[in-house]
Amino acid sequence: MAWTEQQNEAITRRDCGLIVSAAAGSGKTSVLVERLLRILMDDNPKHCVPADQMIVVTFTKDAAAEMRSRLYQALDEQLQQQPENQWLYQQQIRLQNAHISTISSFCFELIRDNVAEQGITAGFRVLNETENRLIASKAADRVLNHWHAEHPEKMQFLWDCFCEKDDKPLETLVMELHTFLGSVPFRDVWSEKVMEGLRQPLERSEYHHLFLKQLEQQVQTAVRLANEAADLAACAYDSVADNNLLPRVELDAQCLEKVLHLLQAQESDAQKISSILQEKRQNCGQFPRKNKHTTDLEAFERVKQLRKQYEAIEKKVLQILELTYPYEADDLAVNARLMPLLLELEAEFSAEIWKEKVCQNALGFDDAERMALELLAELTPDGKIRPTALAKELQDYYRLIMIDEYQDSNNKQDDIFKLLSRNCIVPETGELRYGDNVFLVGDVKQSIYRFRLANPQNFVHAITDAGSAESVCDHIVLNRNFRSVPAVLHFVNFICGSLMSAACGDVEYNEAESLRPGSAVTELLPPEQQKVTVAVLSPEEDA
């Protein structure tokens, strides 16, 4: 097979860890298998790695099975050409027990081999989702009933904040908090950081600054739309004297810019800001209509559409200014009182769940990463993560760590992979990093599991850090697509390039990220099959 320059680099490079951005259709799986195969067959003892000293993590069991099967077949083909090669024969045997699995399977095996004194034995079984939910539901009932009986004042406060007819909303909230904390490394550290933030005065509160930033971003969008409308309005009529649309839109833009300046100056008087929008809405009058002097009807209609968009933002911002901004300090004070209670309630809920799991000698998937991280990591007094003795032992044993679909890793998985890799501590700062024997493959544009608390920023940070003075990794981009005709790729690049940014989509869709043709597929298909057809569905018509 003829590899591209980028594919060949991903397959053959051995001098550092590699972070590989692999776009859709870029031959990622073939590259993964080829790299593994060549490492297994490398004549250089420094680079040759036995199959049982590799960790290969895929996102699904099916993907792991396919990877193992493709490697086995590739080794089999090599053995047919080199039947006397005992090394390849040994690797084919070792492949059966190699760590090619999902992250959960790897963590469970790690726990079985190193189970600590937590009441669980190595013979534990893995709970399915139905069993897990049932244990959680029963635990929630017991804990809430206990709190109603033993902490009536606390429960009354929580009830007043979240409940009406029953405590089901509180139960749902505690379960959601439990799920979230399950993805957070060192939850106690996270909880203390949250509480410290809530104890800060309003002007120093990071929550207040985040609130203002989000409000400011909405107004910036409205200003941009209003200015675009003003540019179009300027050419919608045949003369300036007859253009009654432009002054109206320019006034809108000026009002929005005033609001933006006040927010950027962190104006604390919500009434001062909202009065600008209220006065504008009261004095705006009827929107100008088309008349005989309107020469560009398309521009006029576009201005109307833009106006609807920025006025919808205005309405939302005004609502926030009137109903939320004035009471922000009070809201933060209530949250500062609420959060310790919710954390205390969730801790008791979590302990009750664990008690039942110990009784059944069973673990859920949410336990796998938590317990694995407890085995691999320890915190220094200044809060830095360090590998445990077990982690160092595993670092010495495993010579290659290859992770697929890294954009869908969560924060705990990110720390686990770092701790398993060699040379994972920055000497100058003591910070945790990706070691020099990792091979991380992903594509932020294909991240779809945020609802499962995946954090694409882990992969973004890996890319950003690669090649820096503190990193022992480099970055390779595979952006040649071998599946689609150029017309499809150009269309995808246009859409994604128009929509995706670091703020929306976690990636700047620039030249490096854009898809490029990787094969002469245009020669295989007739021209009529190489067109892009767009079906536009109107919500009104669909209804």
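No experiment lies behind these values; they were computed from the predicted model shown.

## Things to note about the overall build of the protein
Alright, step 1. Across its full length, the protein holds 20 helices and 12 strands.
Alright, step 2. Within the span of the protein, comprising 543 residues, buried residues form 44% of the whole.
Alright, step 3. Pairs at least 24 residues apart make up 73% of the contacts formed inside the protein by residues separated by at least 6 positions.
Alright, step 4. Total accessible area computed for the protein in this model is approximately 28900 Å², and 51% of it derives from carbon and sulfur atoms.

## Comments concerning the pairing of strand E9 (residues 438–442)
Alright, step 1. Within E9, five of the five residues are buried, which leaves it mostly tucked inside the rest of the structure.
Alright, step 2. Residues Val-438, Leu-440 and Gly-442 of E9 are buried on one face, and the alternating residues Phe-439 and Val-441, pointing to the opposite face, are buried as well.
Alright, step 3. With four bridges joining them, strand E1 (residues 17–22) and E9 adopt parallel strand pairing. Bridging across to E9, Leu-18 finds its partner in Phe-439.
Alright, step 4. Pairing of strand E8 (residues 400–403) with E9 involves three bridges; the strand directions are parallel. Among the inter-strand pairings, Ile-403 is bridged to a residue of E9, identified as Leu-440.
Alright, step 5. Handedness of the crossover is the feature at issue here: the chain leaves E8, passes through helix H17 (residues 411–420), returns alongside E9, and the resulting connection is right-handed.

## Examining the packing of helix H7 (residues 152–162) against helix H8 (residues 168–181)
Alright, step 1. Across the interface, H7 lies against H8 with an axial gap of 9 Å and an inter-helix angle of 95°. As far as their axial angle goes, H8 and H7 are roughly perpendicular. Here H7 contributes Met-155, Leu-158 and Phe-162 to the contact with H8, which in turn contributes Pro-169, Leu-170 and Leu-173.

## Comments concerning the environment of Gln-254
Alright, step 1. Looking at the element boundaries, Gln-254 is found in helix H11 (residues 246–264).
Alright, step 2. Note: C-alpha distance between Gln-254 and Asn-227 (27 residues apart in sequence) is 9.1 Å.

## Quick notes on the state of the cysteines
Alright, step 1. In total, this model carries zero disulfides according to the counting rule given.
Alright, step 2. There is no disulfide at Cys-16, and the cysteine sulfur nearest it, in Cys-473, is 6.7 Å away.
Alright, step 3. With relative accessibility at 12%, the residue Cys-16 sits in the buried group.
Alright, step 4. Of all cysteine sulfurs in the structure, the one in Cys-161 sits closest to Cys-163, which takes part in no disulfide; the separation is 9.1 Å.

## So, the pattern of salt bridges
A pair can form between side chains of opposite charge whenever their charged atoms are brought close.
Alright, step 1. Going through the model one piece at a time under the given rule, you end up with 30 salt bridges.
Alright, step 2. Taking the shortest distance from any N to any O, the salt bridge between Asp-474 and Arg-13 comes out at 3.0 Å. Of this pair, Asp-474 sits in strand E10 (residues 473–478) while Arg-13 sits in the loop between helix H1 (5–12) and E1, and the two are 461 residues apart along the sequence.
Alright, step 3. Between Asp-252 and Arg-248 there is a salt bridge whose closest N-O contact spans 3.8 Å. Taken together, the residues span about one helical turn, with Asp-252 and Arg-248 both in helix H11 at a distance of four residues. Here the two residues Asp-252 and Arg-248 agree in accessibility, since each one is buried.
Alright, step 4. Bridged by salt links that share partners, the residues Lys-357, Asp-366, Asp-367, Arg-370 and Glu-374 form one connected network.

## Structural notes on the confidence of the model for the protein
Alright, step 1. Mean pLDDT over the protein works out to 89, with 98% of the residues at or above the 70 mark.
Alright, step 2. Element-level mean pLDDT values for the protein span from 60 in helix H20 (residues 539–542) up to 96 in helix H16 (residues 389–397).

## Here we look at the environment of Thr-295
Alright, step 1. With respect to the helices and strands, the residue Thr-295 is situated in the loop between helix H12 (270–283) and helix H13 (297–323).
Alright, step 2. Through-space distance from the C-alpha of Thr-295 to that of Cys-235 is 8.1 Å; in sequence the pair is 60 residues apart.
Alright, step 3. Other than its neighbours up to four places away in sequence, Thr-295 contacts Cys-235, Ala-236, Tyr-237 and Asp-238.

## Examining H11
Alright, step 1. In a regular helix each residue adds 1.5 Å, so 19 residues correspond to 27 Å; H11 covers 27 Å between its end C-alpha atoms and thus fits that length.
Alright, step 2. Three or more residues of H11 are buried, namely Leu-246, Arg-248, Val-249, Asp-252, Ala-253, Cys-255, Leu-256, Val-259, Leu-260, Leu-262 and Leu-263.
Alright, step 3. Those residues of H11 that are buried are in contact with helix H10 (206–233), H12 and H13.
Alright, step 4. Phi turns positive one or two residues past the end of H11, at Gln-266, with a value near 55°.

## A short note on unusual backbone geometry
Alright, step 1. The backbone of Asn-361 shows a phi angle near 50°, a positive value even though the residue is not glycine.
Alright, step 2. Tracing the sequence through the fold places Asn-361 in the loop between helix H14 (328–360) and strand E5 (362–363).
Alright, step 3. Within the chain, Glu-405 stands out as a residue other than glycine whose phi angle is a positive 55°.
Alright, step 4. Relative to the helices and strands, Glu-405 resides in the loop between E8 and H17.
Alright, step 5. For Glu-405, a relative accessible area of 26% corresponds to the partly exposed category.

## Description of the layout of surface pockets
Alright, step 1. In this structure, the second largest pocket spans a volume of roughly 1100 Å³.
Alright, step 2. For the second largest pocket, the lining is made up of 38 residues, of which Asn-411, Asp-414, Asp-415, Lys-418 and Asn-458 are closest to its centre.
Alright, step 3. Counting residues per element, the ones that place at least two in the lining of the second largest pocket are helix H9 (187–198), H10, H17 and helix H18 (457–465).
Alright, step 4. Residue contributions to the lining of the second largest pocket peak at five residues, all from H18.
Alright, step 5. Residue composition of the lining of the second largest pocket, by class: 19 nonpolar, nine polar and 10 charged.

## A word on the side chain of Ser-104
Alright, step 1. Secondary-structure assignment places Ser-104 in helix H5 (residues 103–113).
Alright, step 2. Ser-104 sits in the buried class, given a relative accessible area of 14%.
Alright, step 3. The contacts of Ser-104, once residues within four sequence positions are left out, are Phe-365 and Ala-368.

## Some remarks on a nonpolar patch on the surface
Alright, step 1. Taken together, the side chains of Phe-491, Phe-494, Ile-495, Leu-499, Val-532, Val-534 and Val-536 define a hydrophobic patch exposed on the protein surface, amounting to about 670 Å² of accessible area.
Alright, step 2. Inspection of the secondary structure assignment puts Leu-499 in helix H19 (residues 486–499).
Alright, step 3. Owing to a relative accessible area of 58%, Leu-499 belongs among the exposed residues under this scheme.

## Focus on the side chain of Gln-7
Alright, step 1. By the element assignment, Gln-7 lies in helix H1.
Alright, step 2. With relative accessibility at 2%, the residue Gln-7 sits in the buried group.
Alright, step 3. Residues within four places of Gln-7 in sequence aside, it is in contact with Ser-26, Gly-27, Val-31, Leu-478 and Phe-482.

Cut-off values and rules
- Residues numbered from 1 in each chain as written.
- Predicted model: local features only at pLDDT ≥ 70, side-chain atom pairs only at ≥ 80, totals over all residues.
- Heavy atoms only, no water.
- Helix = DSSP H or I, 4+ residues; strand = E, 2+ residues; numbered from the N terminus.
- Buried < 20%, exposed > 50% of the residue type's maximum accessible area, 1.4 Å probe, protein only.
- Contact = heavy atoms within 4.5 Å.
- Areas by Shrake-Rupley, 256 points an atom, 1.4 Å probe, with all protein chains shown as cover.
- Pairing = 2+ DSSP bridges.
- Right-handed = clockwise from strand over helix to strand, strands pointing away.
- Axes fitted to C-alpha atoms, helices over the stretch in contact; angles between N-to-C directions.
- Parallel < 35°, antiparallel > 145°, perpendicular 65-115°, else oblique.
- Disulfide = S-S within 2.5 Å.
- Salt bridge = Lys/Arg side-chain N within 4 Å of Asp/Glu carboxyl O.
- pLDDT = per-residue confidence, 0-100.
- Expected span 1.5 Å × (residues − 1).
- 1 Å grid on protein atoms, 1.4 Å probe; cavity = no way out; pocket = protein on both sides within 12 Å on 5 of 7 lines; lining within 4 Å.
- Points joined across faces, edges and corners; volume = space filled by probe spheres on them.
- Nonpolar A, V, L, I, M, F, W, Y, C, P; charged D, E, K, R; others polar.
- Patch = residues over 30% accessible without salt bridge, like charges linked within 9 Å, V, L, I, M, F, W, Y side chains within 5 Å.

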